[in-house]
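Here are the chains, one letter per residue:
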Amino acid sequence: MAAIMANRIIAATEFRACHFAPMAALQLLTAYGDRMEPAAHSILDGYARGRIDHFMDDDLDFRGANDNFATMGAYTLLVGGEWFSRTDCTQKGTARLEQFRALFTRRGFASEFNSPTYTPFQLLCMAEIAERAKDVAVRQLALQLEERLWADVWSHYHPATFQTAGPYSRAYEVDSTAHTHQSRFVLYALIGDRLAINPMNTLFATPRGKAGELLHHNLPFMQVSTGWLLHTTYHCPESLVEHGLGKTYPYRVHGTYEYGSSTDHPQPPSPNESDDIVDIPAGYGVASTYMTEDYALGVLSREFRTGVFTDSFHLLYRRTNDVAEQQDVAVVYANYVVNDKKPGQTNDYVELNWRNWYSSVLDEGRKIGLHHDRTAMLLYKPKLCYHSQVSSLKLSLLFPARYGTVEEIWLGDRRLEQLEGESREPCPVFVKDRQVYMAFFPLIFTNHGYVSAVKSEIVNDYLTVSFYNYEGPPRDFAKRGLLLTGNGFIAEVRSEAELGDFETFRRLFAQARTQEKWAYGNKITHMRHTQYERPGLQMECVWNPISEGIKYASINGRIPQEPTLSISGFPTESLPFMKE
């Protein structure tokens, strides 16, 4: 009966241009072609045959962009090339795997690294190539690439919350908020019910899923994604699984990554028709995560390409010692927001690449980060495309509240009894949620005029704490002036186990100091100089917000080391390509 239904569905489906569907079509043909009715077989064969040349395009190489496209393209070329007897396709697919090898030889992580949605699809592609490709050398290379991807997944796994900790190169709202996402699917494939919060007891808890669960797109989409990602044979070394499940604290992971240049325009302007020379630069950065049993703090030094989906700051924590349900886990992340858009609202800027987007709270700024264990420095500016008709510029800390809000919020020395309130002047923000304590020191470098510098409010299943650059009548900003608009924060995180009570935590930062100025007092240089000091720590950064060039970023007077890949308690030199 199931086979009959599957054939009918395939025969009745109109397949369109897509990066995902050709791979799925080839998987069905190679695994179940002998069980297909002629009509269904012909449709899938014709669709894959008609789409395979699309994946020959160099734009789908590993170029510092969406690595899931490149990995799906590699599978489609290798398996499809064999299926259709196209040696040109198999040669291109092999060359693309060699590009992936070169990337992992240069860097600790892929470009589209630690993405709860897209890293699992990269894993799926490598696992399927290892299972399906006829060339022994290709299969062996795929296994090595899969192992490097598993090192990314397991080094970022936080056992106490059963979650993938941040930071994230690309994250949708379901990822940022630590609800059920694709990363859980592949973890469940390896450890089953040892993953207490897993797709089976959320997406499949009832015919309609679990009440209150946030979904990406819709429940059938997520359920089908589960089936796709579980229906393969993975080849994760047991040593990585044991490492991920048996972490000791404090735990640290640091790794480099690289990314290509990009633009916010829906269609990049022709160089022969436009004088718009603004571009988002290519570069490389460091992803770092610090874990204790109670929380995991992740920071990116540079965001991934346009950064609209990048969680450069992400705090994951448990709200109870025995995590068993989604409500036992909480997060904090940050986005720059233009014109006071609320979670769930679309972005209506015509210049922006991601209009009418509901599935995430888009970041409408650019940011850089500096990280030292329990302390993070994040520096922000608005994106250039938002220079006209601006009524609000703010940086918002997002506390998802689908399962309840945090317990306490203090603006300076004033507790907000109902968690909502504001301060006319910049002030520290202290937050308590069960056994985890947070402090945020705003870095509002530019005041274009606002009613309140700091505002806490509850809206659309979120509690937000916002630091304002501007709030007032709609106005047009000079482009250079907008890019020189500075915002940001210092974040400090501790737990009850580390420090004791919340009052002790707030007193700990009585001597903390932040200072910002134009470097050397010369505004022409446009170098923003940020300093943060507290007993035992000094963090400092000088950067140009226009070019995004960093003169230096230091911790306690020294430039932090940038190991290609460093994982607490794990011999990274044993991983493929680390010695090449």
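Scroll up to find the structure this text is about.
Only a predicted model underlies this, so the values are computations on that prediction, with no experimental measurement involved. (Residues numbered from 1 in each chain as written. Predicted model: local features only at pLDDT ≥ 70, side-chain atom pairs only at ≥ 80, totals over all residues. Heavy atoms only, no water.)

Trainee: Teacher, can you tell me more about the sheet that holds strand β22 (residues 550-555) here?
Mentor: Where strands meet in a sheet, backbone hydrogen bonds hold them as pairs that are either parallel or antiparallel. The strand order β19-β20-β21-β22 describes an open sheet built from four strands, whose pairing is antiparallel. Edge positions in the sheet fall to β19 (513-518) and β22, since each of these pairs with one other strand and no more. Going from strand to strand, the sheet's axes swing by 5° on average, the running direction of each strand aside. The pairing of β19 with strand β20 (residues 528-534) spans six bridges and is antiparallel. The residue of β20 that forms the bridge with Trp518 is Arg528. (Pairing = 2+ DSSP bridges. Helix = DSSP H or I, 4+ residues; strand = E, 2+ residues; numbered from the N terminus. Axes fitted to C-alpha atoms, helices over the stretch in contact; angles between N-to-C directions.)

Trainee: So what exactly am I meant to see when it comes to the packing of helix α5 (residues 87-106) against helix α7 (residues 136-155) here?
Mentor: Angle between the axes and distance between the axes are the two parameters that describe a pair of packed helices. Contact pair α5 / α7: the axes reach a minimum separation of 10 Å and the direction vectors enclose 35°. α5 and α7 meet at a crossing whose hand is left-handed. Contact with α5, carried on its side by Thr94, Leu97, Glu98, Phe100, Arg101 and Phe104, involves Val138, Leu141, Leu145, Arg148 and Leu149 of α7 and no other residues of that element. Residues that form the contact of α5 with α7 fall into these classes: seven nonpolar, one polar and three charged. (Left-handed = near helix turned anticlockwise from the far one by under 90°. Contact = heavy atoms within 4.5 Å. Nonpolar A, V, L, I, M, F, W, Y, C, P; charged D, E, K, R; others polar.)

Trainee: Please clarify how the layout of surface pockets should be interpreted in this entry.
Mentor: One water molecule sets the probe size; rolling that probe over the atoms shows where empty space is left. Taken as a whole, the largest pocket spans an internal volume of roughly 1,200 Å³. Taken together, 38 residues form the lining of the largest pocket, with Phe20, Ala21, Ala24, Val224 and Trp228 sitting closest to its centre. Taken together, the elements giving at least two residues each to the lining of the largest pocket come down to α1 (2-12), α2 (21-32), α4 (67-83), α6 (119-132) and α10 (219-230). Broken down by element, the residue count for the lining of the largest pocket peaks at seven residues, all from α2. Considered class by class, the residues forming the lining of the largest pocket number 20 nonpolar, 14 polar and four charged. Taken as a whole, the second largest pocket encloses approximately 720 Å³ of empty space. (1 Å grid on protein atoms, 1.4 Å probe; cavity = no way out; pocket = protein on both sides within 12 Å on 5 of 7 lines; lining within 4 Å. Points joined across faces, edges and corners; volume = space filled by probe spheres on them.)

Trainee: Would you mind going over the packing of aromatic side chains with me for this structure?
Mentor: Think of a pair of aromatic rings as described by two things: how far the centres are apart, and how the planes are tilted against each other in angle. As enumerated under the stated definition, the model contains 29 aromatic pairs in all. On the numbers, 5.9 Å between centres and 40° between planes, the contact of Phe441 with Tyr532 is tilted. With Phe441 in strand β15 (residues 436-442) and Tyr532 in strand β20, this pair connects stretches of sequence that are 91 residues apart. Relative accessible area serves as the criterion here: at 0%, Tyr532 is assigned to the buried category. Among the aromatic residues, ring-to-ring pairing joins Phe430, Tyr437, Phe441, Phe502, Phe505, Phe509 and Tyr532 into one connected group. Above the face of the Tyr470 ring, Arg475 is positioned so that its terminal group lies 5.5 Å from the ring centre. Over the ring of Phe477 we find Arg475, and its NZ or CZ is 3.8 Å from the ring centre. (Phe/Tyr/Trp six-rings, centres within 6.5 Å; stacked < 30°, edge-to-face > 60°. Buried < 20%, exposed > 50% of the residue type's maximum accessible area, 1.4 Å probe, protein only. Lys NZ or Arg CZ within 6 Å of the ring centre and 35° of its normal.)

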